[in-house]
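Inside the fold
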Amino acid sequence: MTLSKSLYTKGIQCPKALWLKKYKPSVLTPPDESAQAIFDTGNIVGDFACQLFPNGKEVPYSKNYDEMITTTKQWLDEGISTIYEATFNYEGILVMVDILTIENGEVSIYEVKSSTEVKDIYLHDVSIQYYVLKNLGFKIKSANVVHINNEYIRGDELDINQLFKIVDVTNEVISMQSNIPNILKEFETYLEDKENEPNIDIGIHCNNPYECDAKEYCWKTQRQIPDYSIFNIFNLESKKQLELYSRGIINIDDSPHDFEIKRT
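Residues numbered from 1 in each chain as written. Predicted model: local features only at pLDDT ≥ 70, side-chain atom pairs only at ≥ 80, totals over all residues. Heavy atoms only, no water.

1. Thoughts on the overall build of the protein
Across its full length, the protein holds 10 helices and seven strands. Seen through its principal axes, the protein has C-alpha atoms that stretch 70 × 50 × 35 Å. When burial is assessed residue by residue, the protein has 44% of its 264 residues classed as buried. Sequence separation of 24 or more characterises 60% of the internal contacts of the protein that already satisfy a separation of 6 or more. When the accessible surface of the protein is split by element, carbon and sulfur atoms take 47% of a total near 15100 Å². Within the protein, the 41 negative side-chain charges are centred at a point lying 3 Å from the centre of the 26 positive side-chain charges. (Helix = DSSP H or I, 4+ residues; strand = E, 2+ residues; numbered from the N terminus. Buried < 20%, exposed > 50% of the residue type's maximum accessible area, 1.4 Å probe, protein only. Contact = heavy atoms within 4.5 Å. Areas by Shrake-Rupley, 256 points an atom, 1.4 Å probe, with all protein chains shown as cover. Lys, Arg positive; Asp, Glu negative; His and termini not counted. Charge placed at Lys NZ, Arg CZ, Asp CG, Glu CD.)

Dropping the structure here:
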């Protein structure tokens, strides 16, 4: 099994999405202009965040990840104290650390996000990086999420230190470590069968924490959910939508007359 940290978090959201990404990517919806803009913004934010830790060296991207791993190791051996996109592999799990700092033989992980808060999925992102580095023998000082400070008001000059918040999530990440082998085993079980995709029904996970790029395939192709359905009823909670769906009701006209539509 080979996994990147992005595939790991995709599997956390839905193992079926992970399986499709690995074995049936043609059914996935490519990013539209909006999604691409978000991706581009993330790259810009990542570049700015590197200024929080100046004078570092960035590992050049290569489709041959072994080259990135070798460069990272070389720079660590040379005593480089700040590395951007430091790349590591442990038993097929590939991670690129946005910003890695090294001080007195200890490393600190910084995961950069263009969000204005620390979301649960970010903790999974950082936790798999921590897992890989810990198992490779690194002594880890801290694990952190760097995100936008929405309280910052820019003056004439951009203050990088005010633009970002650095949140130490070390304790949360450490508490997640014991469950990672179980998660990886679950993923491995799904991925062992390269012919049959996991039988996972649609649900809240299709949109949380992100809208899944397999949603069109799972909803429209496989389950023929129409463009206008119970899932489009204004102000109807997701759990009530799924309650109707679980009862085999998809079309709005088929909704029971006594079903409570609006939230109280």
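Back to the write-up after that little detour.
2. Here's the deal with empty space enclosed by the protein
Scanning the entire structure with this criterion turns up one cavity of 30 Å³ or more. Taken as a whole, the largest cavity holds about 80 Å³ of empty space. Forming the walls of the largest cavity are Cys14, Lys16, Ala17, Ile200, Asp201, Ile202, His205, Cys206, Cys212, Ala214, Lys215 and Cys218. Classifying every residue of the lining of the largest cavity by side-chain character gives eight nonpolar, one polar and three charged. (1 Å grid on protein atoms, 1.4 Å probe; cavity = no way out; pocket = protein on both sides within 12 Å on 5 of 7 lines; lining within 4 Å. Points joined across faces, edges and corners; volume = space filled by probe spheres on them. Nonpolar A, V, L, I, M, F, W, Y, C, P; charged D, E, K, R; others polar.)

By themselves, these are just geometric observations and shouldn't be taken as functional.
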